[in-house]
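Survey of secondary and tertiary structure
Spelled out from the first residue to the last, the chains are:
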Amino acid sequence: MASVTIKARRFARGDILGMYKECLTLVRSFPSIKREELFQDIRTEFREKASLDDPEKIAHAVEVAMRGIATMRKYTGVESKGARWTLDLEQDPLGQAFHEQRRAEEEEARQRAQADGKADGEPKERLSLQELQRRADALAAREDALREAEGDVLRVTR
């Protein structure tokens, strides 16, 4: 962090009040769950330092305040000159090309489904529970036959 060194000099009341106001403004948008505590700490610090008479102590307090302001600016993005902020949202953040590609992919999938004999992704035939069970039994029988044949091959090769 850049060091701020201030020579002991007299600060105008307006300078100090300006720093106080800037601190309070920055802390309002500071990203912290302890924002209210920071707000109260700033108020307390400035009130305690208001009675300082020693120019060295005043300069040190101002330096601490300026470092705090610099740190808060980093996290809040607020500049000291009170810029006017605007926010422009894109109407289509993904872009037209994304939507065109998506439509093309959906159309391609629809055409493939029609070529496979499916309409809108539905299977070309509906099977009854009995037919599904019969097919599952046939698959199981094939698996058993393959295992048995595999066993025969293993016995022959040994």
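So, a few notes on the structure that sits alongside this text. (Residues numbered from 1 in each chain as written. Predicted model: local features only at pLDDT ≥ 70, side-chain atom pairs only at ≥ 80, totals over all residues. Heavy atoms only, no water.)

1. Description of the overall build of the protein chain
Note the following rule: Secondary structure elements follow DSSP: runs of H or I no shorter than four residues count as helices, runs of E no shorter than two count as strands, and numbering proceeds from the N terminus. Working rule for contacts: check all heavy atoms of both residues, and any pair within 4.5 Å makes them a contact. Shrake-Rupley sampling with a 1.4 Å probe provides the accessible areas, and residues are treated as covered by the protein chains on show and by no other component.
The secondary structure content of the protein chain amounts to five helices and zero strands. Moving toward the C terminus, one meets the helices and strands of the protein chain in the order α-α-α-α-α. Restricting the contact set of the protein chain to residue pairs at least 6 apart, pairs at least 24 apart contribute 60%. Accessible surface, the protein chain as shown: approximately 13700 Å² in total, 52% of it carbon and sulfur.

2. Description of the packing of helix H1 (residues 13-28) against helix H3 (residues 55-76)
Just so we agree on the cut-off: Axes, fitted as lines to C-alpha atoms, cover a helix only where it is in contact. Angles between the N-to-C directions of the axes lie from 0 to 180 degrees. If an angle is under 35 degrees, it is roughly parallel; if it is over 145, roughly antiparallel; if it lies from 65 to 115, roughly perpendicular; otherwise it is oblique. Left-handed describes a crossing in which the near helix is turned anticlockwise from the far one by less than a right angle; the clockwise case is right-handed. Under the scheme applied, nonpolar residues are Ala, Val, Leu, Ile, Met, Phe, Trp, Tyr, Cys and Pro; charged residues are Asp, Glu, Lys and Arg; polar residues are all the others, including Gly.
The interhelical angle for the contact between H1 and H3, taken along N-to-C directions, is 30°, at an axis separation of 10 Å. Looking at the two axes, H1 sits roughly parallel to H3. In this structure, H1 crosses over H3, and the sense of that crossing is left-handed. Listed contacts from H3 to Ile16, Met19, Glu22, Cys23, Leu26 and Val27 of H1 are Val62, Ala65, Met66, Ile69, Met72, Arg73 and Thr76. Taken together, the residues of the contact of H1 with H3 break down into ten nonpolar, one polar and two charged.

3. A short note on the nonpolar core
Generally speaking, soluble globular proteins have nonpolar side chains that are buried together. Heads up, the condition is: The set of buried Ala, Val, Leu, Ile, Met, Phe, Trp, Tyr and Cys residues whose side-chain atoms join them within 4.5 Å is what this entry labels a nonpolar core. Buried residues are those whose accessible area, probed at 1.4 Å on protein chains only, stays under 20% of the maximum for their type, while exposed residues exceed 50% and partly exposed ones sit between those limits.
Judged by nonpolar contacts, the single largest core of 14 residues is most densely connected at Met19, Cys23, Val27, Ile42, Phe46 and Met72. Contributions of two or more residues to this core are made by H1, helix H2 (35-49) and H3. With six residues, H1 is the single largest residue contributor to this core. When sequence neighbours within four positions are dropped, the list of residues in contact with Val27 reads Arg35, Leu38, Phe39, Ile42 and Met72.

4. Section: the pattern of salt bridges
Two side chains bearing opposite charge may form a pair once their charged atoms approach each other closely. Selection criterion: Basic side-chain nitrogens of Lys or Arg form a salt bridge, by our definition, when they fall within 4 Å of a carboxyl oxygen of Asp or Glu.
Counted under the stated rule, the structure contains eight salt bridges. Residues Glu107 and Arg110 are paired through a salt bridge, measuring 2.6 Å at the closest nitrogen-oxygen approach. Taken together, the residues span about one helical turn, with Glu107 and Arg110 both in helix H4 (residues 96-115) at a distance of three residues. Among the residues examined, Glu107 registers a relative accessible area of 35% and is labelled partly exposed. Looking at Arg110, the relative accessible area reads 39%, which means it is partly exposed. Arg112 serves as the salt-bridge partner of Glu108, at 3.9 Å between the closest nitrogen and oxygen. Taken together, the positions of Glu108 and Arg112, both in helix H4 and four residues apart, correspond to about one turn of that helix. One network of salt bridges, with partners in common, ties together Glu131, Arg134 and Arg135.

5. Section: H2
Let me state the cut-off plainly: What a helix is expected to span follows from its residue count: subtract one and scale by 1.5 Å. Throughout, the arc means that of the directions going from the helix axis to the C-beta atoms.
End to end, H2 covers 21 Å across 15 residues, agreeing with the expected 21 Å (1.5 Å per residue, within 8%). Every buried residue of H2 is listed here: Phe39, Ile42 and Phe46. The arc that holds every buried residue of H2, seen down its axis, measures 65°, which confines them to one face. Exposed side chains of H2 directed beyond 90 degrees from the buried face belong to Glu36 and Arg47.

6. Digging into H1
Helix length check: H1 (16 residues) gives 23 Å between terminal C-alpha atoms against 22 Å at 1.5 Å per residue, within 8%. Within H1 the residues assigned to the buried category are Met19, Tyr20, Glu22, Cys23, Leu24, Leu26 and Val27. The secondary structure elements touched by the buried residues of H1 are H2 and H3.

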